[in-house]
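Here are the chains, one letter per residue:
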Amino acid sequence: MSRLVELALPAVLGASVTTVAAAALESRPPGGRQRWERTNYAGRAVSLLGGAAVGAGATVASLATTATAPGASRAAVAGAVAAGAGAAMGLVDDLREDTADRAKGLRGHLGALARGRVTTGAMKIAGIGAGALVASILVTPRRGAPAVRAAETLAGAALVAATANLHNLFDLRPGRTLKVATLLSAPLALAAPGTPRGALAAGALGVAGAAMADDLHETTMLGDTGANALGGLVGVALAAHPSRAVRGSALAATVVLTLLSERVSFSRVIETTASLRRLDALGRRAR
């Protein structure tokens, strides 16, 4: 299989599944169209159905990577588990969140849990964490002493969960999370076509590409459902990387950014940095 086909096939699969899922959901919205309507940062009406389509696309496209990379079955299942957990728990948070509950971020949800109140955000943390652990068990290399492998498995789970959460943290403006996913996935896919991690990353690229136009034009939004699912898939691609240095650097970066998000506004940083502001606004509908 040529390098071009190895790159294109999983990307096309990811894009195709996402597009089909979007069309199916738009034709018959579960529970009615109004259930999925939200108001975005600019006061425009948007639909969470786009996020649901991304969640479905990321999950199904992960399983399809078995056809594009030799020995990818474990990584394919890992990607589907992480993306599926992100989509399922994100959907619970999107559709059942208590709007009167002001708990936000990891600190807010864990603080609420400490006071005996289980928020949908806390449920999401637990569900995504469980999916990340299963995914890491599947992709962690079976080598080294048991203690070393256990440590690598836990680190991999943290990487998958933190990457899923990081994508959600960026989902504050149209197209932003999809651009982050593209910037992370492209190097992984280009550097290792035909490998399990390359196929998963290429699949994530396809999903992001299929969702980009509607997200930028503010007809749909990812919500927690789409952002966590796509982030989980990107996280598994990172966790499947054979280099400990790459995995360790990725984990450190995601943890630092997550902790910073508790005190620093990503939107403010982006808006006050010219290069980031231009990239963030690229393709977006004028306000």
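Before reading on, note that the structure itself is shown above.
None of the values given here were measured: they were computed from a predicted structure.

**Student:** How do you make sense of the packing of helix 7 (residues 176-191) against helix 8 (residues 196-216) when you look at a structure like this?
**Tutor:** The description of two helices packed together rests on the angle between their axes and the distance between the axes. For the pair helix 7 and helix 8, interaxial distance at closest approach is 8 Å and the crossing angle is 155°. If you check the angle between helix 7 and helix 8, you find them roughly antiparallel. Where helix 7 crosses over helix 8, the two elements pack in a sense that is left-handed. On helix 8, the residues touching Leu178, Lys179, Thr182, Ser185, Ala186, Leu188 and Ala189 of helix 7 are Gly198, Ala201, Ala202, Ala204, Leu205, Ala208, Ala211, Met212, Asp215 and Leu216. Across the contact of helix 7 with helix 8, the residue classes break down as 12 nonpolar, 3 polar and 2 charged.

**Student:** Before we go on, may I ask you to explain empty space enclosed by the protein in this structure?
**Tutor:** Tallying each qualifying case throughout the model produces 1 cavity of 30 Å³ or more. Space inside the largest cavity adds up to approximately 30 Å³. When contributions to the lining of the largest cavity are tallied by element, the ones reaching two or more residues are helix 3 (73-96), helix 5 (120-139) and helix 6 (146-169). Across the lining of the largest cavity, the residue classes break down as 7 nonpolar, 2 polar and no charged.

**Student:** Quick question: what am I supposed to make of the packing of helix 1 (residues 3-27) against helix 2 (residues 49-64) here?
**Tutor:** Taken N-terminus to C-terminus, the directions of helix 1 and helix 2 make an angle of 140°; their axes are 8 Å apart at the nearest point. Taken together, the axes of helix 1 and helix 2 lie oblique to each other. The chirality of how helix 1 crosses helix 2 is right-handed. Facing Leu13, Gly14, Val17, Thr18, Ala21, Ala22, Leu25 and Glu26 of helix 1, the residues of helix 2 in contact are Leu49, Ala52, Ala53, Val54, Ala56, Gly57, Val60, Ala61 and Ala64. Broken down by class, the residue content of the contact of helix 1 with helix 2 amounts to 13 nonpolar, 3 polar and 1 charged.

What counts, and where the lines are drawn
- Residues numbered from 1 in each chain as written.
- Predicted model: local features only at pLDDT ≥ 70, side-chain atom pairs only at ≥ 80, totals over all residues.
- Heavy atoms only, no water.
- Axes fitted to C-alpha atoms, helices over the stretch in contact; angles between N-to-C directions.
- Helix = DSSP H or I, 4+ residues; strand = E, 2+ residues; numbered from the N terminus.
- Parallel < 35°, antiparallel > 145°, perpendicular 65-115°, else oblique.
- Left-handed = near helix turned anticlockwise from the far one by under 90°.
- Contact = heavy atoms within 4.5 Å.
- Nonpolar A, V, L, I, M, F, W, Y, C, P; charged D, E, K, R; others polar.
- 1 Å grid on protein atoms, 1.4 Å probe; cavity = no way out; pocket = protein on both sides within 12 Å on 5 of 7 lines; lining within 4 Å.
- Points joined across faces, edges and corners; volume = space filled by probe spheres on them.

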